Amino acid sequence: MTKRKRTTKSPTIIVQGGAGRITDKQSHRRGVQGAALAGHEVLRGGGSALDAVIRAVALMEDIPTFNCGTGSALSIGGRIEMDAAVMLDDLSCGAVAAIERVRNPILVARKVMEETDHVLLVGRGALRFARRMGFKPHDPATEKRRRQREQIIRQLKSGREVKYLDRLASQMRGEKLGTVGAVAMDATGRIAAATSTGGMRLHQDGRVGDTPIIGAGTYADENGGISATGHGEQIMKLVLAARTACFMAKATAQKAVDRAIRLATRKGCECGLVALDRRGNVGFGFNSKVMSYAYVTGGNLVVF
Ligand code: ASP
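Quick summary incoming for the structure in this document. (Residues numbered from 1 in each chain as written. Predicted model: local features only at pLDDT ≥ 70, side-chain atom pairs only at ≥ 80, totals over all residues. Heavy atoms only, no water.)

1. Looking at the environment of Met 248
Stated precisely, the cut-off is as follows: Helix and strand labels come from DSSP, where a helix needs a run of H or I of at least four residues and a strand needs a run of E of at least two; each type is numbered from the N terminus. Burial classes follow relative accessibility: with a 1.4 Å probe on protein chains only, a residue under 20% of its type's maximum area counts as buried, one over 50% as exposed, and anything between as partly exposed. By definition, residues are in contact when any of their heavy atoms lie within 4.5 Å.
Position of Met 248 relative to the elements: it lies in helix H8 (residues 240-248). Residue Met 248 is classed as buried on the basis of its relative accessible area of 2%. Residues Met 248 and Asn 223 lie 25 residues apart in sequence; the distance between their C-alpha atoms is 5.7 Å. Setting aside residues no more than four positions away along its own chain, Met 248 makes contact with Asn 223, Gly 224, Gly 225, Ile 226, Ala 253, Ala 256, Ala 275, Leu 276, Asp 277 and Arg 278.

What follows is the structure in structure tokens.
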């Protein structure tokens, strides 16, 4: 890996609260703004990029508006299976997939990075690990999400005997997205990226999206950091986060994101990206109707 000269950088953070169709714009705005400011406060206090992205993402995991942590979308079987990942620009990373009954999957992902020699733990194994690390049982389902699921299933069936509900449900999955993520650079120039999601709504039990797949939904290296949101299956096929990092080797974060979004659009992948390059420039873009995001750079806050 190339050695980088570290000079004092202006702390910068960019967060995203999902791309797609956002029904509750006000609470999205409040959520991403609060997360960006909280992460930035960590950086201003001399905290690391890692602490900043974890703080921002954990905060959004606790806000039911977002599809992650408490308020995650339910699967077709009525389960909440969450995915999360964190990565540093020195390639350290940790992730969990299809984890149930914890409050903050991103904190478990951090433990995977710091306490194991693995990258990704899934399902029951991830949960057992979380309990060993002291994470208490928590039911992330909200009444609103339960009602939404029941309503959609009723709508899909509408009086019919339906054998393959999951096939019908696939038509509804892409409609409303809402993952969260953050990318930050601290005063030492170190970059971290983190992403967390409840997955696509009405996904099949056991489905894993792009979020915890290193290089797909989350990535960081010497070129910068990226967090993705959108149609996970398509994002995985394009290895979109790692590809954006490659683009950043020779371009600013914004130019790299623009190029990645153009590629995604050509390939029929509905998505959004937030990124930070090694110079501390932010980049964001999406080809969905809207993406909720906020960033603080040079002391200025920008909210979508
Ligand atoms: N990318 C997430 C997934 O496919 C969903 C989202 O971003 O809303 O699991």
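Let's pick the thread back up.
2. Considering the environment of Ile 213
Tracing the sequence through the fold places Ile 213 in the loop between strand E6 (191-197) and strand E7 (218-221). A relative accessible area of 28% places Ile 213 in the partly exposed class.

3. Let's talk about helix H9 (residues 253-266)
Residues that lie three or four places apart on an α-helix share one face, since the helix turns once every 3.6 residues. Formally: Helix span, as expected, comes to 1.5 Å for every residue beyond the first. What the arc covers is the set of directions going from the helix axis to the C-beta atoms.
Between its first and last C-alpha, H9 extends 20 Å over 14 residues, near the 20 Å set by a 1.5 Å rise per residue. Ala 253, Ala 256, Val 257, Ala 260, Ile 261, Leu 263 and Ala 264 are the residues of H9 that are buried. End-on view of H9: buried residues confined to an arc of 160 degrees, all on one side of the axis. Counted as exposed and oriented over 90 degrees from the buried face of H9: Lys 255, Arg 262 and Arg 266. Contacts from the buried residues of H9 go to helix H7 (232-238), H8, strand E9 (271-277) and strand E10 (282-286). Among the residues trailing H9, Gly 268 stands out with phi positive, at a value near 75 degrees.

4. Observations regarding the site of the ligand
Note the following rule: For this description, a residue counts as near a given molecule or strand if any of its non-hydrogen atoms is within 4 Å of it. Polar contact is defined as a pair of N or O atoms within 3.5 Å, subject to the rule that within protein one atom must be able to donate a hydrogen and the other to accept it, and that residues adjacent in sequence are counted only when both atoms are side-chain atoms. Computed with a 1.4 Å probe, the accessible areas rest on the Shrake-Rupley method; for each residue, only the protein chains presented here act as cover. Residue polarity is assigned by list, with Asp, Glu, Lys and Arg as charged and Ala, Val, Leu, Ile, Met, Phe, Trp, Tyr, Cys and Pro as nonpolar; anything else, Gly included, falls into the polar class.
The immediate surroundings of the ligand are formed by 12 residues, with Thr 179, Arg 207, Asp 210, Thr 229 and Gly 230 found nearest. The contact in question runs from an oxygen atom of the ligand to an N or O atom on the side chain of Thr 179, over 2.6 Å. Between the ligand and Gly 232 there is a distance of 3.0 Å, counted from an oxygen atom to a backbone nitrogen or oxygen. Coverage of the ligand by the protein chains reaches 100% of its 270 Å² of free accessible surface. Across the shell around the ligand, the residue classes break down as two nonpolar, eight polar and two charged.

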